[in-house]
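Okay, here's what each chain looks like letter by letter:
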Amino acid sequence: MGCTQSKDMPLNAHPTDGVGKARTKGKGRGGRKIVTVPTSPMSTDSNSGGNPNTNPSFSLRRVHIPKEISKISDPGERLQELLDVVNNKQKHGQGGSGSDIDDHVLLWGRIIKICDKYPMAASYVDANTRDTPLHLACRILAKYPFDSMDVNIGGNGGEPYAGPTPLDALRILTRSDPEIAGRVNRKGYIAVHEIIRANSPLHTDESILHQTEAINLLLAADYEASLEYLSRNDVCFDNKTGSGRTSASNSNNNSMKNDGADACTPLYHAVSSLPDDFFTPQGKSSPGPGPTVKFISAIHFPNPQMVSIPNVAATNHDSPLALLYRRFSRQFDTSEQFFPGDNSLPAVTSHRNQFKAAAMNTWKIILALLDPLLDKKKSVSDFYMVHAAVGMDGCPPDLLRYIIETRPEEVRQTNDRGRLPLHVAAAACGDNNADAGLIANNGVRRKATAMATSSDATSYSRYHFKFVIDELLYAYPEACAEKDADNMLPLQLAVESEKAWIGGGTKSMYDVYPDAMGRVEVEEFPRIKSALSFSTNFVEEREAEAEAESESENASGNSNSNGGGNNGKNSIVKEEHYDAIMMVQKPDANLGDVISAMWANEEDGGVQMLGCVAISRMAMQAHANDRSGDLVRAMALTAVTTVVNAMKNHPNEPAVQEKACGALRLLASADNYRDVSFAASGAAASIVAAMQAHVSDAIVQQEACTALCQIIKHGGPDRATVIASVSGFTALQNALGAHPDAAIVQKEACLALDALTSFPDANLPDLPGSQTGPLLEAARQRYPFECQEPANRILARLSP
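Residues numbered from 1 in each chain as written. Predicted model: local features only at pLDDT ≥ 70, side-chain atom pairs only at ≥ 80, totals over all residues. Heavy atoms only, no water.

1. Topic: the overall build of the protein
Of regular secondary structure, the protein possesses 32 helices and 4 strands. Of all 800 residues assigned to the protein, the portion counted as buried reaches 56%. A separation threshold of at least 6 residues defines the contact pool for the protein, and within that pool the share at least 24 residues apart is 75%. When the accessible area of the protein is evaluated, it comes to approximately 33300 Å², of which 49% is carbon and sulfur surface. (Helix = DSSP H or I, 4+ residues; strand = E, 2+ residues; numbered from the N terminus. Buried < 20%, exposed > 50% of the residue type's maximum accessible area, 1.4 Å probe, protein only. Contact = heavy atoms within 4.5 Å. Areas by Shrake-Rupley, 256 points an atom, 1.4 Å probe, with all protein chains shown as cover.)

2. Description of unusual backbone geometry
One non-glycine residue, Arg130, lies in the positive phi region at around 65 degrees. By the secondary structure assignment, Arg130 is in the loop between α2 (104-117) and α3 (133-143). Of note, the phi angle at Asn672 is positive, near 75 degrees, even though the residue is not glycine. Tracing the backbone through its elements, the reader meets Asn672 in the loop between α26 (654-667) and α27 (683-693).

3. Let's talk about the packing of aromatic side chains
Using the criterion set out here, one finds 10 aromatic pairs in the structure. Where Tyr325 meets Phe328, the ring centres are 6.2 Å apart and the plane angle is 25 degrees; that geometry is what we call stacked. On the criterion of helical spacing, the pair formed by Tyr325 and Phe328 is a turn pair, its members being 3 residues apart in helix α10 (residues 320-335). Like Tyr325, the residue Phe328 is buried in the burial classification. (Phe/Tyr/Trp six-rings, centres within 6.5 Å; stacked < 30°, edge-to-face > 60°.)

4. Quick word on the nonpolar core
Counting 200 residues, the largest nonpolar core has Leu370, Ile615 and Leu667 as its most contacted members. In terms of residue count, the dominant contributor to this core is helix α28 (residues 698-725) (12 residues). (Core = buried A, V, L, I, M, F, W, Y, C linked by side-chain atoms within 4.5 Å.)

5. Looking at the pattern of salt bridges
Enumeration according to the criterion identifies 27 salt bridges in this entry. Where Asp484 meets Arg419, a salt bridge forms, and the shortest distance between an N and an O atom there is 3.0 Å. Placement of Asp484 in the loop between α16 (464-475) and α17 (490-496) and of Arg419 in the loop between α13 (397-406) and α14 (421-427) is noted, with a sequence separation of 65 residues between them. Classification of Asp484 by relative accessible area gives buried; the value is 7%. Given a relative accessible area of 7%, Arg419 falls into the buried group. Shared partners join several salt bridges into a network, and the residues in it are Asp276, Arg327, Arg330 and Asp675. (Salt bridge = Lys/Arg side-chain N within 4 Å of Asp/Glu carboxyl O.)

6. Focus on the packing of α13 against α16
Taken N-terminus to C-terminus, the directions of α13 and α16 make an angle of 20 degrees; their axes are 11 Å apart at the nearest point. Classified by the angle between their axes, α13 and α16 sit roughly parallel to one another. Crossing of α13 against α16: the hand is right-handed. Seen from α13, the contacting residues are Pro397, Leu400, Arg401 and Ile404; seen from α16, they are Phe467, Val468, Glu471, Leu472 and Ala475. Of the residues contributing to the contact of α13 with α16, the split by class is 7 nonpolar, no polar and 2 charged. (Axes fitted to C-alpha atoms, helices over the stretch in contact; angles between N-to-C directions. Parallel < 35°, antiparallel > 145°, perpendicular 65-115°, else oblique. Left-handed = near helix turned anticlockwise from the far one by under 90°. Nonpolar A, V, L, I, M, F, W, Y, C, P; charged D, E, K, R; others polar.)

7. Considering the environment of Met647
By secondary structure assignment, the location of Met647 is in helix α25 (residues 630-649). Residue classification places Met647 among the buried positions, given a relative accessible area of 3%. Counting along the chain gives 42 residues from Met647 to Ala689, while the straight-line C-alpha distance between them is 9.2 Å. Once residues within four sequence positions are removed from consideration, Met647 is found in contact with Gln657, Ala660, Cys661, Leu664, Ser686, Ile687 and Ala690.

8. What about helix α23 (residues 591-600)?
Extensive coverage of α23 is indicated by the burial of 10 of its 10 residues. Of the positions making up α23, those classed as buried are Leu591, Gly592, Asp593, Val594, Ile595, Ser596, Ala597, Met598, Trp599 and Ala600. The secondary structure elements touched by the buried residues of α23 are α13, α16, α22 (580-583), α24 (605-625) and α25.

9. Let's talk about the confidence of the model for the protein
Per-chain confidence: the protein averages 79 in pLDDT, with 73% of residues scoring 70 or above. Scored below 50 in pLDDT, residues 556-577 shows 20 contacts in the model against residues more than four places distant or in partner chains. (pLDDT = per-residue confidence, 0-100.)

10. Quick notes on the environment of Phe301
Along the chain, Phe301 falls in the loop between α9 (291-300) and α10. Note on Phe301: relative accessible area 30%, which makes it partly exposed. Remark: the alpha-carbon pair of Phe301 and Leu369, spanning 68 residues in sequence, is separated by 8.4 Å.

11. Notes on the packing of α27 against helix α29 (residues 728-738)
At a minimum axis distance of 9 Å, the contact between α27 and α29 shows a crossing angle of 40 degrees. With respect to α29, the axis of α27 lies oblique. Seen from above, α27 lies across α29 with left-handed handedness. For the pair formed by α27 and α29, the contact residues are Val688, Met691 and Gln692 on the first element and Gly728, Ala731, Leu732 and Ala735 on the second.

12. Observations concerning the environment of Ile69
If you trace the backbone, Ile69 turns up in the loop between β1 (63-66) and α1 (75-87). Taking the C-alpha atoms as reference points, Ile69 and Leu79, 10 residues apart in sequence, are found 8.6 Å from one another.

13. Points about the state of the cysteines
For the structure shown, the criterion picks out 0 disulfides. Free of any disulfide, Cys264 has its nearest neighbouring cysteine sulfur in Cys236, separated by 6.8 Å. Summary of cysteine pairing: Cys612 is not part of a disulfide, and the nearest cysteine sulfur, belonging to Cys661, is at 9.2 Å. Accessibility expressed as a relative area gives 0% for Cys612, which makes it buried. (Disulfide = S-S within 2.5 Å.)

Following this line, the structure appears as structure tokens:
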């Protein structure tokens, strides 16, 4: 799963809350905090001061309620003001006369009391924001999660709190006004939007489960409005408050910087907000489904097709499954982390077990997204993970490969329609299909509105099914000759589903089992006939047979044939498809197209090299046009693993290694963003491997040294430890020794060694001066301008 370390995680009993203070533990099973900073785009700086959404010490008991609120005669306005002052404690100021909300009874109890006496109060709408009381109540619940076992809200002595809960308040609001759950505010969002995330630093297992119940309540209150919201892919959240805003694509305000980079589906946003879930059922040795699994399942189940809908941003081709697989890789990598000293200590064992549990819970979320009906089935044997993954247009290539490699027996197993995974992939269209288990309620397919409105919705998958089918053929080529329950071969299904000849994998199946084309009525599929005429002699052979059968008829008279009719290649229209090696060279090539082409043509060194060049060009443009780095980080979500895959598939191609190192250097600033990891992905190890395999190539050494320097610069002591653990020191020493006459190599190697040795808290081996000292002395004497300063610093750190 990559290198042995991925995040700088202290081993003191529990990770901290981001500001250096250990989290306090509540009583009972719900008191344990779920920790780590969320990866959501609306995550904020932990030093945000008075923002109650990011200050763990702030609670509802600190909110001051002015007396003026109780004097408001209109019940709806009074309810709205009560919720507003809690939601924004600074609006009315602190101090003065009034009362404090000292527990949840005074907030949720007051909501229930007002709505019980004046049901119409729930229908109040703010004239400016168009927020309803339900919007504000959900916003408060997201900021201040509810845990019935928390001693701060009444739970004590292990006994749960028994008073009014947020769920009770939301329930009476929806009963008082049955249409309230479907009302949109001025930003275009319904109330469930406010609790679609789980990023509060106050969250516990119990609070996430309570929030899940609240989501289920709101979805049921207005199912059609909820489904419409869950089908969007232009949802944005304010980076500071977490409140919703409209993406730039739907707004005339072009000054809203990087809105397009943040626009996503509600499902993606919910997944990106999740913390590491360390939940393990009591009394069981293996981790079970944690609260985050139920949380995501509640959002995913109403419209499971959204799992494969890409984000609206043209530069962000990330998906919920891709993000989850990166998180799984990072968590699994962290669970295998080694530390200096005795690794059998309880602190080390606890650290590893926590992240093993987190990885298992993340994997269970992946399972739930692949098959939302999994927990409704009688047994796990009813579910074939490979079938579900290959039939999905949006399954990330690295996740798909991992699933096939870890479940090799499933490629030979048939589902209830007698179909192998190859049949499922061949029959899959751009939409999700029944074989993948993605059926909306009551078997009715619902095409997401976002898919129809996004011009970039399907570009990322142009070569997706070629990759899928090639993977399945590699695992079980005999599947091409097997028929399903309908007596259909995979090639027939691919042709009928109108898959492209090359990009759709049709040609791959034809190359393995060409006899299958004999079962296809080629005349009914002009594009396939056209492709065959240029790729094979199949059409000519079939036409020759037809001509031989009608030879006598043609001989009797053919005066009206107009020069031979439609026979020959001149009458065949060439199939319109992108050639991968030409496409990746286009100046305006789309990132999604480049990524897809590189995965589908990973055996082609030319495509890999030029694809890395294209990624580098886009990254340089992003750096030039966006100093905040948001665009580069968005690119890295899919580009890093793609570049690493190119390096692993072509270790002996110096051109590929050189361009790949250059691309990773430009993407290094994205390390640790939304679980992008230059350790768990194998990026750092691949760069060192390139240096070891091409010691005599000065250009490879230069690019690799520069890339390592940038990775350490952005990743800190953790990445320095990782690079050292994969023989980074040796590789840099070899670069210095092998290229004494190349000033640029000497400079970049010195800068990389300087960065590598600059962290006292990094877990590094001793750097012996007897081996490295002479190389550094030679470098600073020969190239004083380039090497003297970094060489002096390194020499001062060398061991005797």
